[in-house]
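Summary of structural features
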Amino acid sequence: MRFFFDTRDQLRIPDEVGREFAAPWEAVVFAKQLAADLRCLEADVRPALAIEVIAENAECIHREAVF
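This text gives an overview of the structure that appears in the document. In this text, all values refer to a predicted model and were calculated from it rather than measured experimentally.

**A look at the nonpolar core**
- Counting residues in hydrophobic clusters, the biggest one holds 12 residues: Phe 3, Phe 5, Phe 21, Ala 27, Phe 30, Ala 31, Ala 35, Leu 49, Ile 51, Val 53, Ala 55 and Val 66.
- Put simply, the parts of the chain that give this core at least two residues each are strand E1 (2-8), helix H1 (24-41) and strand E4 (50-55).
- Ranked by the residues each element gives to this core, the list is headed by H1, at four residues.
- With residues near it in sequence (within four places) discarded, Phe 21 still touches Met 1, Phe 3, Phe 5, Glu 26, Ala 27 and Phe 30.

**Description of the pairing of E1**
- Examined bridge by bridge, E1 and strand E3 (residues 19-20) share two bridges and lie antiparallel to one another. Bridge pairing links Phe 3 to Arg 19 in E3.
- With two bridges joining them, E1 and strand E2 (residues 12-13) adopt antiparallel strand pairing. Opposite Thr 7, over in E2, you have Ile 13 as the bridge partner.
- Hairpin connection, E1 to E2: the antiparallel pair is bridged by three residues.

**As for the pattern of salt bridges**
- Evaluated as defined, the whole model comprises seven salt bridges.
- Across the pair Arg 2 and Glu 20 runs a salt bridge whose closest N-O atoms are separated by 3.2 Å. Note that Arg 2 is positioned in strand E1 and Glu 20 in strand E3, a separation of 18 residues in sequence.
- We note a salt bridge from Glu 52 to Arg 63, for which the minimum N-O separation is 2.6 Å. Of this pair, Glu 52 sits in strand E4 while Arg 63 sits in strand E5 (residues 60-65), and the two are 11 residues apart along the sequence.
- In this structure Glu 52 comes out as buried when scored by relative accessible area, which is 9%.
- Residue classification places Arg 63 among the partly exposed residues on the basis of a relative accessible area of 43%.
- In the salt-bridge network here, residues are joined through shared partners; they are Arg 8, Glu 52 and Arg 63.

What counts and how
Residues numbered from 1 in each chain as written. Predicted model: local features only at pLDDT ≥ 70, side-chain atom pairs only at ≥ 80, totals over all residues. Heavy atoms only, no water. Core = buried A, V, L, I, M, F, W, Y, C linked by side-chain atoms within 4.5 Å. Buried < 20%, exposed > 50% of the residue type's maximum accessible area, 1.4 Å probe, protein only. Helix = DSSP H or I, 4+ residues; strand = E, 2+ residues; numbered from the N terminus. Contact = heavy atoms within 4.5 Å. Pairing = 2+ DSSP bridges. Salt bridge = Lys/Arg side-chain N within 4 Å of Asp/Glu carboxyl O.

Written as structure tokens, this is what we have:
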């Protein structure tokens, strides 16, 4: 299954390539890792910053807050 990881803050930055995962929970774990990486890189705390996991059918299955 292909999942997309859109970054959302004031604007949405869509992931146009996506990644293959065998199960939705694997995509959620990956989103948590992405959020942790962004926390380390981002100098300013931005409460609205999040990673959205979008399934192939365009359904948002998870939203992981970065801060």
